[in-house]
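Examining the three-dimensional arrangement
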Amino acid sequence: MTRKDIRTTQAAIACDVCGRRLLRGEHPDVYLVGGTRRDVCELCITRAEHEGWIREEEGGALGARRQPANGRRSLLARLRRRGERNGNEPPQAAAVDPSVEPDDDAHDAQRYPPAAAETRHVHAVPANDEMKLARAVDVFNNSGQTRTVAGIARSLGAPSVAVRTRGDRPSVVSMVIAWELSWYRYEVDLANEAAGVRLAAQGTELAELGPDEQSPNAVADTEGAVALAA
């Protein structure tokens, strides 16, 4: 029997932010940095945008908006030219009467407008662990992290999912989603849900995880959504 070599034709793609090689099924987002195309994995999109990187499709639209139309002059230039042809002087700034003292209060109000009131999102943390886990799962399923889980699952199959509360931080729930070749640890702070889901750590060896993190108590479907085991 002749042995056949199985070779993949997909070129290896690495994220230009974290350096991680993307797994089969993952697709990078392309950003522009100084005119250079950069591949960014889904986990690093927030970091890339925080650094001021611009998506490739948005960069083209931005350049089009900044490019002036050929052969067109500004409205102000056309008005000035028309005034010169009619023998009119260009409009001058309104004169200021030195005898009138400026209103300091009004001046300060214009320079220093009142700051907008800070908006705080205060959430009551559930009282027991069961409710904490359920709430954390709901926050995760409404985040963009489900796309990452679904993309990896298409290549590596269904993951094991362990959702646990953290003893040192009662308001934080840890969620470990693991395959044989890769694992991700997400955290949800129920006291600050507006911060969303945070990627706390990731690795490639299951031995790096604790015993509780290797004991699944939840599942993930094909869309990456997590559900606690009954």
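For the structure, see preceding data.
Heads up: these notes are all about the structure in this document. (Residues numbered from 1 in each chain as written. Predicted model: local features only at pLDDT ≥ 70, side-chain atom pairs only at ≥ 80, totals over all residues. Heavy atoms only, no water.)

Thoughts on the side chain of Ser 182
Take Ser 182: it is sitting in the loop between β5 (172–178) and β6 (183–189). On the basis of relative accessibility, which here comes to 8%, the residue Ser 182 falls in the buried class. Sequence-distant contacts of Ser 182, that is, excluding residues within four places in its chain, are made with Leu 23, Ile 177, Gly 203 and Thr 204. (Helix = DSSP H or I, 4+ residues; strand = E, 2+ residues; numbered from the N terminus. Buried < 20%, exposed > 50% of the residue type's maximum accessible area, 1.4 Å probe, protein only. Contact = heavy atoms within 4.5 Å.)

Considering the packing of aromatic side chains
In the structure shown here, the tally under the stated rule is 3 aromatic pairs. Aromatic side chains Trp 179 and Tyr 184 sit 6.4 Å apart centroid to centroid with 85 degrees between the ring planes, which places their arrangement in the edge-to-face category. Ring pairing ties together the aromatic residues Phe 140, Trp 179, Tyr 184 and Tyr 186, which thus form one cluster. (Phe/Tyr/Trp six-rings, centres within 6.5 Å; stacked < 30°, edge-to-face > 60°.)

A short note on the pattern of salt bridges
For the coordinates displayed, the defined rule picks out 11 salt bridges. A salt bridge links Asp 138 to Arg 135, with the shortest nitrogen-to-oxygen separation between them at 2.6 Å. Of this pair, Asp 138 and Arg 135 both sit in helix α5 (residues 129–141), 3 residues apart, roughly one helical turn. Exposure remark for Asp 138: the relative accessible area of 35% places this residue in the partly exposed category. Residue Glu 213 is joined to Arg 185 by a salt bridge in which the shortest nitrogen-to-oxygen separation is 2.8 Å. One end of the pair, Glu 213, is in the loop between β7 (197–203) and β8 (218–220); the other, Arg 185, is in strand β6, with 28 residues separating them in the sequence. (Salt bridge = Lys/Arg side-chain N within 4 Å of Asp/Glu carboxyl O.)

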